[in-house]
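Per-entry structural report
Below, each chain spelled out in residue letters.
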Amino acid sequence: MSHLRETIRRRLDDEVGRISKQAPFTVALAYPSPYSVAMSSLGFQRIYRAIMETPGLACERAFLADDDVDGASQERPLTYESRTPIDAFPVVAVSVAYELEIAGLVRLLDAARIPVLRAERGDAHPFLLAGGPLTFSNPLPLAPIVDAIVLGEAEGLVPEVLSVLESIRPRGVRLDVLARMPGVFVPERHGNRLGEIAKADDALLPAWGPIRTPHTVLANMFLIETERGCSRGCTYCVMRRSTNGGMRVVPMDTILGLVPQDAKRVGLVGAAVSDHPKIAEIVRTLAEQGREVGLSSLRPDRLTDEFVSALKQAGTRTLTTAMDGASERLRESLERKARERHLVRCAELARRHGMDH
Ligand code: SF4
């Protein structure tokens with residue numbers, strides 16, 4: 001058995017929550033970073049679930065080889081579910097988080113023997129569909145590589161795009177149809193003109209990750225979104241209130257109701273998790289259920305005695321927050337509302353609750 005196949009077998013054995021499904025139209029869902037990064041991505045896991053929950057559609061996951069762990073960077077990438085080379089699929093959908101992952105995408109395609117440039121691919125090659133956080137901020141560097149890009153919140157749109165790709169085969173017609181869908185950017189049709197960013201229906205929220213695995217940075221952690229977007233206005237940020245109408249809060253009962261009984265670790269994910277009006281209550285409840293809780297973002301002005309005490313009870317040992325501006329004047333000009341006194345209070349609360357860092 002090759003090293004890659006052995007690595008895949010071992011990782012699959014350790015996964016909890018994988019969805020088993022076969023469907024007439026199965027695509028490769030690839031991530032241009034190693035498994036340990038990909039499976040910590042709530043967005044990647046959300047799209048996996050969106051495809052698997054759509055009748056007639058299924059996906060198989062593939063990842064960039066990790067030289068240290070896989071020892072397999074020269075091997076052709078295989079999907080985890082059936083060990084099939086990704087170039088054998090009609091569609092390869094990729095999630096790209098930020099610009100540096102474009103290098104990973106190039107390596108992944110190279111290893112899969114798929115021509116990297118769109119112009120060098122033909123009908124015999126898979127259709128390359130991209131999405132992910134990068135599409136909020138800077139999707140154009142992907143334009144020479146991929147055939148189409150879902151801009152913004154993709155969970156509602158990806159199954160629709162895949163249905164189009166399943167039912168229409170001639171490339172030109174496919175591109176024409178996709179180019180007319182709001183939220184879909186087709187470089188060959190749109191040039192450099194980016195259209196509107198997709199906004200998922202509220203009914204599709206929150207995102208949560210079905211698969212837990214020990215082989216990620218967030219080992220065995222159940223990931224769930226507490227809110228989407230942000231109500232603040234920091235001028236440098238793509239998540240500010242001007243994006244898709246600002247913050248959409250997920251009710252506390254919905255969040256708590258989705259956490260699996262056996263999840264010992266819970267990751268609350270979002271651009272502004274600590275702005276959730278019931279965040280201290282949510283953390284306290286999870287802690288009282290005996291779970292460890294991690295937060296993806298913590299605003300210094302939101303920290304209270306009750307909140308930090310709940311975090312401590314939930315196993316937090318390090319309090320991480322940021323000012324994002326070296327002076328009050330700079331922060332003011334960036335609409336970053338955090339004040340020096342918030343940071344000082346953060347340090348005081350950390351000490352009071354026995355956190356050393
Ligand atoms: S608080 Fe954070 S997420 Fe919200 S706009 Fe500012 S930097 Fe962006």
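Cut-offs applied
Residues numbered from 1 in each chain as written. Predicted model: local features only at pLDDT ≥ 70, side-chain atom pairs only at ≥ 80, totals over all residues. Heavy atoms only, no water. Pairing = 2+ DSSP bridges. Helix = DSSP H or I, 4+ residues; strand = E, 2+ residues; numbered from the N terminus. Domains from an automatic or database assignment. Contact = heavy atoms within 4.5 Å. Buried area = accessible area lost by both parts, 1.4 Å probe. Salt bridge = Lys/Arg side-chain N within 4 Å of Asp/Glu carboxyl O. Polar contact = N/O pair within 3.5 Å; in protein donor to acceptor, adjacent residues only side chain to side chain. Nonpolar A, V, L, I, M, F, W, Y, C, P; charged D, E, K, R; others polar. Phe/Tyr/Trp six-rings, centres within 6.5 Å; stacked < 30°, edge-to-face > 60°. Buried < 20%, exposed > 50% of the residue type's maximum accessible area, 1.4 Å probe, protein only. Axes fitted to C-alpha atoms, helices over the stretch in contact; angles between N-to-C directions.

**A short note on the sheet that holds strand β4 (residues 127-131)**
Pairing in this open sheet of six strands is mixed, and the strands run β2-β1-β3-β4-β5-β6 from one edge to the other. Both edges of this open sheet fall to β2 (57-63) and β6 (184-185), since each of them pairs with a single strand only. Both β4 and strand β5 (residues 148-150) contribute to a ladder of two bridges, which runs parallel. Residue L129 lies in a different strand from β5, and its bridge partner there is A148.

**Let's talk about the domain arrangement of the protein**
Annotation of the protein at the domain level lists domain 1 (3-190) and domain 2 (220-352). Across the boundary between the two partners, domain 1 contributes seven residues, which contact nine residues of domain 2. Roughly 700 Å² is buried in total at the junction of domain 1 and domain 2, and carbon and sulfur atoms are behind 61% of that figure. On the domain 1 side of the interface with domain 2, the three residues burying the most area are L42, F136 and E153, jointly 71% of the side's total. For the pair domain 1 and domain 2, the number of links is three salt bridges. Taking the shortest distance from any N to any O, the salt bridge between R228 and E155 comes out at 2.7 Å. Here domain 1 is connected to domain 2 by four residue pairs in polar contact (both at pLDDT 80 or more). Partitioning the side of domain 1 that touches domain 2 into residue classes produces three nonpolar, two polar and two charged.

**Thoughts on the packing of aromatic side chains**
By the definition in use, this model includes six aromatic pairs. Ring centres of Y31 and F44 lie 5.3 Å apart, and the angle between their planes is 85°; this geometry places the pair in the edge-to-face category. Residue Y31 is located in strand β1 (residues 25-31), and its partner F44 is located in helix α3 (residues 42-52); the two are separated by 13 residues in the primary sequence. Taking relative accessible area as the criterion, Y31 reaches 4% and is therefore assigned buried. Judged by its relative accessible area of 0%, F44 falls in the buried class.

**Considerations on the sheet that holds strand β10 (residues 265-269)**
The strand order across the open sheet built from three strands is β7-β10-β11, with neighbouring strands paired in parallel fashion. Strands at the two margins of the open sheet, each flanked by one partner only, are β7 (221-225) and β11 (292-295). Taken over all neighbouring pairs, the strand axes of this sheet differ in orientation by 25° on average, direction set aside. Of the strand pairs in this sheet, β7 and β10 are connected by five bridges, and their pairing is parallel. Counted as the bridge partner of L223 is G267 from β10. Across the sheet, helix α11 (residues 279-288) is in contact with β10 and β11; its angle to β10 comes to roughly 165°.

**A look at the side chain of H353**
Along the chain, H353 falls in the segment after α14 (340-352). In contact with H353, other than residues within four places in its own chain, are D305, V308, S309 and K312.

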